[in-house]
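# Examination of the molecular architecture
Residues per chain are reported as follows:
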Amino acid sequence: MDEGRISRHGSGARLWLAGGWLLLASLAAIFAPLIAPQNPLAQDLMFERLPPFWMSGAEPGFWLGTDSLGRDLLSRLIFGARIALIVAFAAALAACLIGSTLGLIAGYFGGWADRIISRIVDVWMAFPPVLFAILLVAVLGTGLSSVIIAIAVIDWTRFCRVIRAETMGQARMDYVENARIAGYGRIGIMLREVLPNVVPSIVALLSLEMGIAVIVEAILSFVNLSISTDDPTWGGIIAEGRLSIHQAWWVLVFPLVTLILTVLSFSQFGEGLKARFDPVLR
Amino acid sequence: MNATRPCLDIQSLSAVLPNGARVLRSVSLSVQPGEVRALVGESGAGKTMIGKAVLGVLPPSVRVVEGDMLLEGEDLGRLQPKARRTLIGARTALIPQDPLTALNPSRRIGPQMTDRLVRILGWSGPRADARIRQLLDAVQIRDPDRVLKCYSHELSGGMRQRVLIAAAFAAEPRLIVADEPTTALDVTVQKQILRLIAQLQREHGTAILFVTHDLGVVAKISQKVSVLYAGKVVEETETAALFAAPQHPYTRALMAATPRYTDPFASLKPVDEAVLAGLASEIAAADQAWRRPHG
Ligand SMILES: Nc1ncnc2c1ncn2[C@@H]1O[C@H](COP(=O)(O)OP(=O)(O)O)[C@@H](O)[C@H]1O
Ligand SMILES: [Mg+2]
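Residues numbered from 1 in each chain as written. Chains lettered and ligands numbered in written order. Predicted model: local features only at pLDDT ≥ 70, side-chain atom pairs only at ≥ 80, totals over all residues. Heavy atoms only, no water.

### Notes on empty space enclosed by the protein
Which entries qualify depends on this criterion: Site definitions follow a grid-based scheme: protein atoms alone, a 1 Å grid, a 1.4 Å probe that fits but cannot get out for cavities, and for pockets an open set with protein on both sides within 12 Å along at least five of seven lines, plus lining residues having an atom within 4 Å of a point. Grid points are joined across faces, edges and corners, and a volume is the space filled by probe spheres set on the points. For the purposes of this entry, the term helix denotes a DSSP run of H or I that reaches at least four residues, the term strand denotes a run of E that reaches at least two, and both are numbered from the N terminus.
The final tally for this structure, using the stated rule, is one cavity of 30 Å³ or more. In this model, the largest cavity occupies a volume close to 360 Å³. Around the largest cavity sit 22 residues that line it, and Asn178 and Ala182 of chain A together with Gln112, Arg116 and Ala167 of chain B are the ones nearest its centre. Broken down by secondary-structure element, the contributors of at least two residues to the lining of the largest cavity are helix 7 (174–182) of chain A together with strand 6 (92–95), helix 3 (109–120) and helix 6 (157–170) of chain B.

### A closer look at the interface of chain A and chain B
Filter applied, for reference: Here a residue-residue contact requires only that any non-hydrogen atoms of the pair lie within 4.5 Å. Throughout, buried area stands for the accessible area (probe radius 1.4 Å) lost by two parts on being put together, summed over both. For salt bridges, the criterion is a side-chain nitrogen of Lys or Arg within 4 Å of an Asp or Glu carboxyl oxygen. In the analysis that follows, any N or O atom pair within 3.5 Å is treated as a polar contact, provided that within protein one partner can donate a hydrogen and the other can accept it, and provided that, for residues neighboring in sequence, both atoms belong to side chains. Gly falls in the polar group here, along with every residue not listed as nonpolar (Ala, Val, Leu, Ile, Met, Phe, Trp, Tyr, Cys, Pro) or charged (Asp, Glu, Lys, Arg).
Contacts between the two partners involve 17 residues from chain A and, on the opposite side, 23 residues from chain B. For the pairing of chain A and chain B, the buried interface totals around 1900 Å² over both sides, and the portion due to carbon and sulfur atoms is 54%. Between the two partners, chain A and chain B, sit three salt bridges. In this structure, aspartate 115 of chain B engages arginine 192 of chain A in a salt bridge whose closest nitrogen and oxygen atoms are separated by 3.8 Å. If you look at where chain A meets chain B, you find eleven residue pairs in polar contact (both at pLDDT 80 or more). Among the secondary structure elements, those contributing two or more residues to the side of chain A that touches chain B are helix 7 and helix 8 (186–222) of chain A. When residues in the side of chain A that touches chain B are grouped by element, the largest group, seven residues, is from helix 7 of chain A. Broken down by class, the residue content of the side of chain A that touches chain B amounts to eight nonpolar, three polar and six charged.

### What about the sheet that holds strand 3 (residues 36–40) of chain B?
In sheet architecture, strand pairing relies on hydrogen bonds along the backbone and comes in two forms, parallel and antiparallel. All names here are of chain B. Operational definition: At least two bridges found by DSSP between two strands is the condition for calling them paired. Lines fitted to C-alpha atoms define the axes here, with helix axes fitted over just the stretch in contact, and angles between the N-to-C directions of these axes take values from 0 to 180 degrees.
If you walk across this open sheet you meet the six strands as 6-7-8-3-9-10, and the pairing is mixed. Only two strands of the sheet have a single neighbouring strand rather than two, namely strand 6 and strand 10 (232–238). Neighbouring strand axes in the sheet, compared pairwise and without regard to direction, differ in orientation by 15° on average. Bridge count between strand 9 (residues 224–229) and strand 10: six bridges; the pairing is antiparallel. Counted as the bridge partner of serine 226 is glutamate 236 from strand 10. Along the sheet, helix 6 makes contact with strand 6, strand 7 (175–179) and strand 8 (207–212), crossing strand 6 at roughly 170°.

### A word on helix 3 (residues 73–109) of chain A
Where we set the bar: To estimate how far a helix should extend, the number of its residues minus one is multiplied by 1.5 Å.
With 37 residues, helix 3 of chain A should cover 54 Å at 1.5 Å per step; its first-to-last C-alpha distance of 52 Å lies within 8% of that length. The positive-phi residue at the C-terminal boundary of helix 3 of chain A is glycine 110 of chain A, with phi of around 60°.

### A short note on the environment of isoleucine 10 of chain B
Residues and elements named next belong to chain B. Along the chain, isoleucine 10 falls in strand 1 (residues 8–16). The spatial distance from the C-alpha of isoleucine 10 to the C-alpha of methionine 69 is 4.5 Å, given a sequence separation of 59 residues. If sequence neighbours within four positions are ignored, isoleucine 10 has contacts with Val27, Ser28, Leu29, Ile50, Val54, Asp68 and Met69.

### Details of the layout of surface pockets
If you add up the space inside the largest pocket, you get close to 980 Å³. As for the largest pocket, its lining consists of 35 residues, and the residues nearest its centre are Gly56, Val57, Leu58, Pro59 and Pro60 of chain B. Counting residues per element, the ones that place at least two in the lining of the largest pocket are helix 3, helix 4 (111–125), helix 6 (144–171) and helix 7 of chain A together with helix 1 (47–55), strand 4 (63–71) and helix 2 (81–91) of chain B. Tallied by class, the residues present in the lining of the largest pocket amount to 18 nonpolar, six polar and eleven charged.

### Observations concerning the pairing of strand 4 of chain B
Residues and elements named next belong to chain B. Bridge count between strand 1 and strand 4: seven bridges; the pairing is antiparallel. When the bridges of strand 4 are listed, isoleucine 10 appears paired with methionine 69. Of the strand pairs in this sheet, strand 4 and strand 5 (residues 74–75) are connected by two bridges, and their pairing is antiparallel. Of the residues in strand 5, the one forming a bridge with leucine 70 is aspartate 75. What sits between the antiparallel neighbours strand 4 and strand 5 is a turn of two residues, in which glutamate 72 has the positive phi angle 50°.

### As for the UniProt feature "transmembrane region" (unreviewed entry) in chain A
Residue and element names in this part refer to chain A. Selection rule: UniProt positions are given in the numbering used here, feature names are shortened, and annotations may be inferred rather than shown by experiment.
Those residues carrying the UniProt feature "transmembrane region" (unreviewed entry) are residues 15–36, 83–110, 130–154, 202–227 and 247–266 in this numbering. For residues 130–154, the helix share is 88%, the strand share is 0%, and the end-to-end C-alpha distance is 9 Å. With 85% helix and 0% strand, the stretch residues 247–266 has end C-alpha atoms that lie 32 Å from each other.

### Side note on the pairing of strand 7 of chain B
All names here are of chain B. Selection criterion: Residue burial is assigned from relative accessible area. The probe radius is 1.4 Å, only protein chains are included, and a residue is buried under 20% of its type maximum, exposed over 50%, and partly exposed in between.
By the criterion of burial, strand 7 is predominantly enclosed, with five of the five residues buried. Side chains Leu175, Val177 and Asp179 of strand 7 all project onto a buried face; the interleaved residues Ile176 and Ala178 project onto the opposite face, where all are buried too. Direction of pairing for strand 6 relative to strand 7: parallel, over a ladder of four bridges. The residue bridging threonine 92 from the neighbouring strand is leucine 175, located in strand 7. Inspection of the sheet shows strand 7 paired to strand 8 by five bridges, in the parallel sense.

### Things to note about unusual backbone geometry
At arginine 49 of chain A, a residue that is not glycine, the phi angle is positive and equals roughly 50°. Topologically, arginine 49 of chain A is positioned in the loop between helix 2 (32–35) and helix 3. Positive phi values are uncommon outside glycine, yet alanine 230 of chain B reaches one of about 45°. Tracing the backbone through its elements, the reader meets alanine 230 of chain B in the loop between strand 9 and strand 10. Exposure remark for alanine 230 of chain B: the relative accessible area of 27% places this residue in the partly exposed category.

If you want it as structure tokens, here you go:
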């Protein structure tokens, strides 16, 4: 009991910290035009490579400094959050929908359905994911929707594998047998009895996947395969920052920190939600 | 209606595993309306399999190869799967061995109990709710409002089993399969639960197939008893007659091995070697006789 209480406090703190950062990032993304101190695309060679506010040579209004074209880094990060989060939500939701549905079916019905779905998952997972993504974007063409589709198409297997295993465990439980005896149909049992018991895992995976989608989008932007180069993306900023690391370290470090915080927050938020949702752990 | 028609009639039921091993060997057994039939035997004898066969939830690996099961005269084997489900759902219920896993951990007790009445039997919500409260009262749950809002893990083992007993009787089934309903509970709670089942059974006149490995429980609750060994019914009689004059050597050995309630110092003696050897040859002979017509 005591252990439970301690872990609950731990999960509470991490839930709030992670949730707080994600809320901040979401607000920044939604209200980017209102919040951003500068136009993220405005170049001004008078202001190139300004350092962040606490260093000598900083200019007011350019809190995190500027890049080699004089664009305001903070504003670019705020606008970059838009693409990062749109991709995160859309891609993760699509992957979740495909993967969880197939996982639930494979785990609950077993037999042929399970054999076919599991085989597809095995084949899918044999492709190295980053290569798979680059290949897909190359085929689909660059652009926001291609990135989203690529991530969903690659990562649904994560949901499928975990949800299949959890569903199998639940399907063996006596309450499922009881529902059979009572006369419920198979699909009704799957949706009303089993699904609620795997929802905590789905939520945790969904949040984790959002973090993964943020990374994948950053990687694709980094190798210039994502969105048009005009819109600021975190991966794109990192790529530019890498080129000027010796003159302006901040252009590389701030987007990296932002990216890492966001990815960590997504995974911690998911774990925290799972602990809170799960009636047995609660 | 025929007054002597059994509520449950199992005729020569055999079931095999994929490797051909028999788990049930021509089991015949009947439960009259309103009667408690105990099914007693050691762990692994196949008691749970018989219950599952009746309720239509045998594991996929277990295949019925022979025999009929009649529920109130309806041959379950001849019904379409859908009709069979409906019939079993309407006329039977299970009181399970492990009350924790028999309740859905992510649904509150209240909806879980009323759901079946509303969705399967078509009752109105208020009627189902009133019915559930009436039964919670009958199983001596004093604070139904709290219990109905609980999740199963918030209740004690005894409370969970009370909830499941209430749920089993709620839809007025004709037959209840009780599969070792007290085995997973604390000793102090076992007697209360047993009393509750006996009391509700009398009030509702429900036939019960009561699975147990405990002869003490058999004596307390049943009118008839079948003794099962290795999937074979070795003795079948009135409970009083069984205790007065056990016929089969295995029954006698089982009795000798059971410590009496009156004698707390009696030790659990293993069943006699000679008896087991006799049983083994009896079962081998039965299997041989069975294989001839079945290949
Ligand atoms: N899911 C299963 N698949 C195959 N064999 C099983 C399964 N469950 C139990 N058995 C076997 O069937 C026999 C009867 O088991 P069971 O009915 O559970 O016994 P009891 O309830 O009397 O303890 C045992 O020998 C057991 O090993
Ligand atoms: Mg059993």
